[in-house]
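# Descriptive analysis of the structure
As a plain string of letters, each chain reads:
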Amino acid sequence: NYIQAQGENFTFISKLVDGKYPNYLSVVPQDLSCWLEVEKDQLKKALNRSLVLSGDKVSGITLAMAEKELIIEALSSEHDKAIEKISICEASGSFSGTIGFNALYFLDVLSKIEDSLVKIYFSDSSQSAIIKNYEEKNESLFVIMPMLI
């Protein structure tokens, strides 16, 4: 029940797991009522600045929409607050609440996106968000689970 592959500089060993593969599509939300487009570099810089204050293991941030701005907020364990605002290029739908995320997961996704703009799809604070390349030519999608902040 094992497979092994060896090369000049590596050894790869894998074990066969017998069982049914989980339905990964069940964690991809289907009915996302809102989306927004933002500049990837602006978002990355704002998330990194927020992480300086966050500083704890969770790296939690909240996202909210207001007019044509995405508001990123982080709290430290000493109750200090960082608020970053970046411009929304385009948006559809309305969302009046906040959604909590681990900023490190968000940054990891943004590092994989090649376009200068990203699309973020969401519905409410209890559902996952989907992040995609701005250009539809790349069909990759990234799912980020929300967290309580």
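About the thresholds
Residues numbered from 1 in each chain as written. Predicted model: local features only at pLDDT ≥ 70, side-chain atom pairs only at ≥ 80, totals over all residues. Heavy atoms only, no water. Salt bridge = Lys/Arg side-chain N within 4 Å of Asp/Glu carboxyl O. Helix = DSSP H or I, 4+ residues; strand = E, 2+ residues; numbered from the N terminus. Buried < 20%, exposed > 50% of the residue type's maximum accessible area, 1.4 Å probe, protein only. pLDDT = per-residue confidence, 0-100. Pairing = 2+ DSSP bridges. Axes fitted to C-alpha atoms, helices over the stretch in contact; angles between N-to-C directions. Contact = heavy atoms within 4.5 Å. Phe/Tyr/Trp six-rings, centres within 6.5 Å; stacked < 30°, edge-to-face > 60°. Lys NZ or Arg CZ within 6 Å of the ring centre and 35° of its normal. Core = buried A, V, L, I, M, F, W, Y, C linked by side-chain atoms within 4.5 Å.

Further remarks concern the pattern of salt bridges. Should the charged atoms of two oppositely charged side chains come close, the side chains can pair. Overall, the coordinates contain four salt bridges when judged by the stated rule. Of the charged contacts, one joins lysine 119 and glutamate 37 as a salt bridge, the two residues approaching to 3.9 Å between their closest N and O atoms. One end of the pair, lysine 119, is in strand β9 (residues 117–122); the other, glutamate 37, is in strand β3 (residues 34–39), with 82 residues separating them in the sequence. Residues lysine 119 and glutamate 37 agree in their burial class; the two are buried.

For any part of a model where pLDDT is low, the fine detail of the predicted coordinates should not be relied upon. When pLDDT is averaged across the protein, the result is 86; 95% of the residues are at 70 or more. Averaged pLDDT values over the elements of the protein bottom out at 86 in strand β2 (residues 11–15) and peak at 93 in β3.

Ordered in space as β7-β3-β9-β10-β11, the five strands form an open sheet in which the pairing is antiparallel. Each of the sheet's edge strands pairs with one partner strand only, and the pair in question is β7 (90–92) and β11 (141–144). Each neighbouring strand pair of the sheet contributes to a mean axis angle of 20°, computed without reference to strand direction. Relative to the sheet, helix α2 (residues 103–112) contacts β9, β10 (129–133) and β11, its axis offset from that of β11 by approximately 175°.

Turning next to the packing of aromatic side chains. With the rule as written, the count across this model stands at one aromatic pair. Cation over ring: lysine 132 sits above tyrosine 121, and NZ or CZ is 5.3 Å from the ring centre.

Turning to the nonpolar core, a few remarks are in order. Core analysis: the largest hydrophobic core is formed by 31 residues, its most contacted members being Val38, Leu43, Leu47, Phe106, Ile120 and Phe122. The greatest single-element share of this core, amounting to five residues, is contributed by α2. Beyond its immediate chain neighbours, meaning those up to four positions away, phenylalanine 122 contacts Leu32, Ser33, Cys34, Leu36, Met65, Phe95, Ile99 and Ala129. The next biggest cluster of nonpolar side chains, apart from the first, holds five residues, and it includes Val28, Leu32, Tyr121 and Ile130.

Attention now moves to unusual backbone geometry. Positive phi, normally seen in glycine, also occurs at glutamate 67, with a value near 50°. Residue placement: glutamate 67 occurs in the loop between β4 (60–66) and β5 (69–75).

Moving on, we get to the pairing of β10. With respect to burial, β10 is a largely interior element, four of its five residues being buried. Looking at chain direction, β9 and β10 are connected through four bridges and run antiparallel. Each residue of the ladder has a partner; that of valine 118, found in β10, is asparagine 133. Hairpin remark: β9 followed by β10, antiparallel, with six residues in the connecting loop. Looking at chain direction, β10 and β11 are connected through four bridges and run antiparallel. Pairing of isoleucine 130 across the sheet is with valine 143, part of β11.

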